Amino acid sequence: MKKIVIAVSFLLAGVLVKAQLVPNPASNHGNRFERIDALLPTPNAYRTASGAPGPKYWQQQCDYDIKASLDEEKMVLTGEETVTYYNNSPDHLNYLWLQLDENEHSNIRNANYQSSTTIENVNPAFIDKMLELKNDNGYGVNITSLTDANGHNLPYTINRTMMRIELPQTLGPGQKFVFTCKWNYRLADRLAMGGRGGYELFPDNGNALFTMTQWYPRLCVYSDVKGWQNNQFTGRGEFALTFGNFRVEIDVPADHVVGATGECINYEKVLSAQQLQRLKQAQNVGEPIEIVRLDEAVESEKKKLKSRKRWMFKADNVRDFAWTSSRKYVWDAMAVNVGGNKVMCMSFYGKEAYPLYRKYSTKVVAHTIQTYSSFTLPYPYPVAQSVEAANGMEYPMICFNYGRTDVDGTYTEATKNGMIGVIIHEVGHNFFPMIVNSDERQWSWMDEGLNTYLQFLTEQLFDNKFPSRRGPAWAITDYMRLPKDQLEPIMTNSENIIQFGPNAYAKPATGLNILRETIVGRELFDYAFKTYAKRWAFKHPEPSDFFRTIQDASAEDLNWFWKGWFFTTDAVDIAIDSVKHYVYDATVPYRPDPEKVEIQIERSLSDTYDDVTKQRNRSDSSIQFLTDKDTTLRDFYWRYARNMIAYDSSKLWIENANASPGILSEDQGKKYSDLHFYEVHFSNVGGMVMPLIVQFVYDDGTTETEKIPAQIWRKNERHVSKLFITKKRVASIVLDPLQETADINTHNNRWPQMEQQSRFQLFKSRQQARGQSEGLNPMQYYQSKPELKK
C-alpha cells in the first residue's frame, strides 16, 4: 500500500493573502440583501404576499371519459374521449388549447428546435438522418373526428404539438363545454426514436412492453398568471396540466397485464380466480405478494393469446393518466398505511428485472410515499406503482423506471443504487408536480428540484450509506465552478437551460438542503416546506409562491439566498485571507515541530463523502433507517460497504503545522491572560454570500465550531472580519469543515494554508480488487467464494 505525503505551506499570522474578487467597482456594498419583490409578480387577490392562495384564487377543471384500443400487431393506438371542460376563471374564452405530445415523433409536426451544428458533425448516419427529417415518417396524432355534445363538427387548428379548438360560442365564467375527440397514432419504438411513450420490443421472443404516456389529446392549463400555457412540447420541458376526473377503458390482448393511473374497477373480469385471491391477500400483509407470478409471465410470453380483454380504471382529482401493458409482466403488491389511508404499493416488471425488482421495488415505493408524506402531506391516492421499462418518467400513481440485471441474475452496485434512486425519484413525483401542480413547461426546477431534494432525504433514510448523487452541498461544486458561459440561473425557462441535470435537479435540491441543514435549521425549514406543500396541494403554484411561503412560515429573511442561488450564477467561494493571533504573553513563541498525522480513509463500493445530513441522521435517535428496520434489504453490497467483507483501505498522510502567535498589548492583556484572540479576515471571491462556519482545531486535538449567519456580509459583501475568543491555543482553522455551503475552492478555507493539490482518484482496478481476471463482476465473484459469506 502506498502512502501519499502532501506538503503544507504556512500562512503566518497577520499575513494577507491576495484573492481575486468579483468585479464590483461601484461599492463593496451591493444589493444581495435587498428584497426580491421587484423580481416577483405583485401580490394580488389570487396569490397573496404571504405565498398563500388568495381569496379569489381559481383554477380550471377538465374531466375525461376515454376508450382506448391497442393493436399489438400494427403497433397502433386508437382512442375516443369525451371531455368536459369547466371554466372556473373570471374570463370569457373563445377557444381551447390541447396538447398533442405524440407529434414530437413526427418529422413534419414536431417542435424540436435545431441545435448549432458544424461540418465536423457530418457522417453517413448524420446525413441520412437529415434527409429523413424532410419526409413524413407517418408518426404523430391523426384526429379522425372532433364534435360538440350535439354531434356538430368543431373547427380546429394544429400547430405542431398544440391544437386549438374554436368554440361555437363564448364560454363564460361558471360554464362548461363538452366535446368528443377520436384519434389514432402509430406507436414509436421508444429505444430507437426516444421519447417517453411507445413500445420496447424484445427480439428473443417478439414480445413488447408498452408505456402509454402523453397518449390522448389533453387540455393545456389556463391560469391567472399566463393565460393559456401553450408552449410547444420539444421533449424537454414537461407538462402543465389541469386537474380532473378520469374514467378509462383499455382494450388489450387477453394475456396482457395492465397497470394504470387510478384504481382498476373490474379486476374480477380480467384476473384469474387465483390472481384475484392473491390480490386480496396482498391488501393485508406487510410483504409483497406476487399477483402474477414469474412462471405465469414466462408462460404468457410463449402463448401470445389472440383474444382480448378490457381493463377499466377510475382516477379522481388527478392531472394526467398513463398506463402500461404487456404479457411479460410479473406483478407484485402490498398494502401500507399512510395517514390512515390504505395505499396499494405495486410493481410491474419482466423476468429481465426480476432479481432486483422482486426484492426492492415495491418496498422502495412504500418507503417513498411514507417518507415524502412525512415531509409534505399524507399521500392521498389509493395506489402507487413502479414499472420497470428501461427509462425514468412519472405520472399520477404510476411511474416508469429502469433496473435490469445481468443474464445470470447478478447485478452491480451501481445498477442497484441507480434503480432505488430512480424509483424514489419517479414515485416522489406524485407529490411534485402531480399534487403540488407546478408549471413544468416553464419552470423545471419547481418539480425536478423540489423532488430531487426530497429524493435525497428519502435515500438517506433508506440507508445511511446510500451514495446520493444530488443533494449534498459538496456534490454541486464541480458544476458551480464551471465557466460562466456554461451556466445559467435556476430561474431559467426549461428550454433555455444548458446544463439541464445540474441546473434543474441538483442545484435547487442542494439549495434546499443548505437551507435545511445550515441556514434555517431542520425544524423551521421542515415546517415551512410542509406549509408550502399543504397550501398548494392540488393547485398551481408559481416560484414567487414558494419563495414567499418559505419566508412567511419560517420568519427567516432569505431574500439574499433566493437572489444569489436562484437568480444568479454566482458561486460560493469564501476565503480565509489572514489570521492575527493575540495573547497576553508574546515573549514565548509557539511554534512546535510539524506533526505528521495519519488519516485512514476506508473506501468501499458505497463510499461517499460523509456529509452533514448523514452525520445528523445517525445522531438523531428518532430516525431508523429502512435497511435497519427491514434486514431483508441488506445484500452483498450493503455488507461490503460496512467492511463485513474484507476490503483494502488507503491511508493518507499529511503534514500539520502551527503558526507563530501575534501579540496583545500588555495593559489590556492582564485581565485576559488565559484567553486567545483570533482576528480572522474573510473575502467573498465567488459572489454568493453564505454563513461562515468556522472550525477551530486546538493543540490538544479537540475542535469547536462557530457559525455566523450570512447577514455578516450585509454592509460589505466582499470583505468581512470577525474576532473569535478561545480558551485554548488554535492549531488550525477550517472554514466550512463539513462542506455544507457548496464552496467551490476549499484550498483557501484553511489556516495555515495548505498547498493546492491537483485532484485525482485513487482506485484499484476491478480485476485486482474483485477477481475480474476470472471474468466475474463483484457479486459473481462474491458468490463464487463461499468463505467470504461467513
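Predicted model, so just to flag it, every value in this text is computed and none were measured.

Thresholds applied
- Residues numbered from 1 in each chain as written.
- Predicted model: local features only at pLDDT ≥ 70, side-chain atom pairs only at ≥ 80, totals over all residues.
- Heavy atoms only, no water.
- Helix = DSSP H or I, 4+ residues; strand = E, 2+ residues; numbered from the N terminus.
- Expected span 1.5 Å × (residues − 1).
- Buried < 20%, exposed > 50% of the residue type's maximum accessible area, 1.4 Å probe, protein only.
- Pairing = 2+ DSSP bridges.
- Salt bridge = Lys/Arg side-chain N within 4 Å of Asp/Glu carboxyl O.
- pLDDT = per-residue confidence, 0-100.
- Contact = heavy atoms within 4.5 Å.
- Axes fitted to C-alpha atoms, helices over the stretch in contact; angles between N-to-C directions.
- Parallel < 35°, antiparallel > 145°, perpendicular 65-115°, else oblique.
- Left-handed = near helix turned anticlockwise from the far one by under 90°.
- Nonpolar A, V, L, I, M, F, W, Y, C, P; charged D, E, K, R; others polar.

Asker: Explain helix α12 (residues 543–554) here, please?
Answerer: Think of an α-helix as turning once every 3.6 residues; residues three or four places apart then point the same way. Over its 12 residues, α12 extends 17 Å from the first C-alpha to the last, a length consistent with the 16 Å expected when each residue adds 1.5 Å. Taking burial as the measure, the 12 residues of α12 include 11 buried ones, the bulk of the element. For α12, the full list of buried residues reads Pro 543, Ser 544, Asp 545, Phe 546, Phe 547, Arg 548, Thr 549, Ile 550, Gln 551, Ala 553 and Ser 554. Just past α12, the residue Ala 555 takes up positive phi, approximately 60°.

Asker: Please explain the pairing of strand β3 (residues 76–86) as it appears in this structure.
Answerer: In summary, the side chains of a regular strand alternate between the two faces of the sheet. Strand direction decides the pairing type here: strand β2 (residues 61–71) and β3, joined by 11 bridges, are antiparallel. Of the residues in β3, the one forming a bridge with Asp 71 is Val 76. Two successive antiparallel strands, β2 and β3, enclose a turn made up of 4 residues, where Met 75 displays a positive phi of approximately 55°. Sheet topology note: the β3/strand β8 (residues 176–186) ladder contains 11 bridges and is antiparallel. Note on β8: the bridge partner recorded for Tyr 86 is Lys 176.

Asker: I'm lost on the pattern of salt bridges in this one. Help?
Answerer: Side chains bearing opposite charge may pair, as long as their charged atoms lie close to each other. Using the criterion set out here, one finds 44 salt bridges in the structure. Residue Arg 32 pairs with Glu 717 through a salt bridge whose shortest N-O separation is 2.5 Å. One end of the pair, Arg 32, is in the loop between β1 (3–6) and β2; the other, Glu 717, is in the loop between β30 (703–708) and β31 (719–726), and 685 residues separate them in sequence. Glu 717 shares its class with Arg 32; the two are buried.

Asker: Sorry, what's going on with the confidence of the model for the chain here?
Answerer: Overall, the predicted model of the chain reaches an average pLDDT of 87, with 84% of residues at or above 70. pLDDT under 50 marks residues 1–26. Its contacts with residues more than four places away, or in other chains, come to 67 contacts. Contacts from residues 761–774, a stretch scored under 50 in pLDDT, to residues over four places away or in other chains number 21 contacts.

Asker: Got a minute to help me understand the pairing of strand β14 (residues 244–253) in this structure?
Answerer: Here β14 lies mainly inside the structure; 8 of its 10 residues are buried. By the bridge criterion, 6 bridges tie β2 to β14 in an arrangement that is parallel. Among the inter-strand pairings, Ala 68 is bridged to a residue of β14, identified as Ile 250. Where β14 meets strand β18 (residues 308–318), 9 bridges bridge the pair, whose relative direction is antiparallel.

Asker: Please clarify how the sheet that holds strand β20 (residues 330–338) should be interpreted in this entry.
Answerer: In sheet architecture, strand pairing relies on hydrogen bonds along the backbone and comes in two forms, parallel and antiparallel. As summarised here, the arrangement of the 6 strands in space is β17-β20-β21-β22-β24-β23, forming an open sheet in which the pairing is mixed. Of all the strands in the sheet, just β17 (289–292) and β23 (393–395) have a single pairing partner and so form its edges. Direction aside, neighbouring strands of the sheet carry axes that sit 20° apart on average. Here 4 bridges tie strand β22 (residues 383–388) to strand β24 (residues 398–401), and the two strands are oriented parallel to one another. Looking across to β24, one finds that Gln 385 is bridged to Ile 398.

Asker: Looking at this structure, I do not really get the side chain of Arg 327. What am I missing?
Answerer: By the secondary structure assignment, Arg 327 is in the loop between β19 (323–326) and β20. A residue is classified by how much of its surface remains accessible, and Arg 327, at 3% relative accessible area, is buried. In contact with Arg 327, other than residues within four places in its own chain, are Glu 72, Asn 207, Pro 253, Asp 255, His 256, Ala 297, Ser 300, Glu 301, Lys 304 and Leu 305.

Asker: How should I be thinking about the packing of helix α11 (residues 522–535) against α12 in this particular structure?
Answerer: Axis angle and axis distance: for two packed helices, these are the angle between their axes and the distance between the axes, and together they describe the pair. Viewed as axis vectors pointing N to C, α11 and α12 meet at an angle of 135°, and their least axial separation amounts to 8 Å. By the angle between their axes, α11 is oblique relative to α12. At the point where α11 passes α12, the crossing takes the right-handed sense. Contact residues: Leu 524, Phe 525, Tyr 527, Ala 528, Phe 529, Thr 531, Tyr 532 and Arg 535 in α11; Asp 545, Phe 546, Thr 549, Ile 550, Asp 552, Ala 553 and Ser 554 in α12. Across the contact of α11 with α12, the residue classes break down as 9 nonpolar, 3 polar and 3 charged.

Asker: I would appreciate a short explanation of the sheet that holds strand β7 (residues 162–171) in the present structure.
Answerer: The sheet built from 4 strands is open, its strands ordered β6-β7-β4-β11 with antiparallel pairing. Two strands in the sheet have a free side with no partner beyond their single neighbour: β6 (156–159) and β11 (218–219). Where β6 lies against β7, 4 bridges are found, and the strand directions are antiparallel. Across the sheet, residue Ile 158 finds its bridge partner in β7, namely Met 163.

Asker: What is the right way to read unusual backbone geometry from this model?
Answerer: Trans is the prevailing form of peptide bonds, just as negative phi is the prevailing case for residues other than glycine. With an omega of 15°, the peptide bond running from Phe 432 to Pro 433 counts as cis. Here the residue pair Trp 751 and Pro 752 is connected by a cis peptide bond, since its omega of -5° sits within 30 degrees of zero. In this structure, Pro 752 sits in the loop between β33 (750–751) and α18 (766–770).

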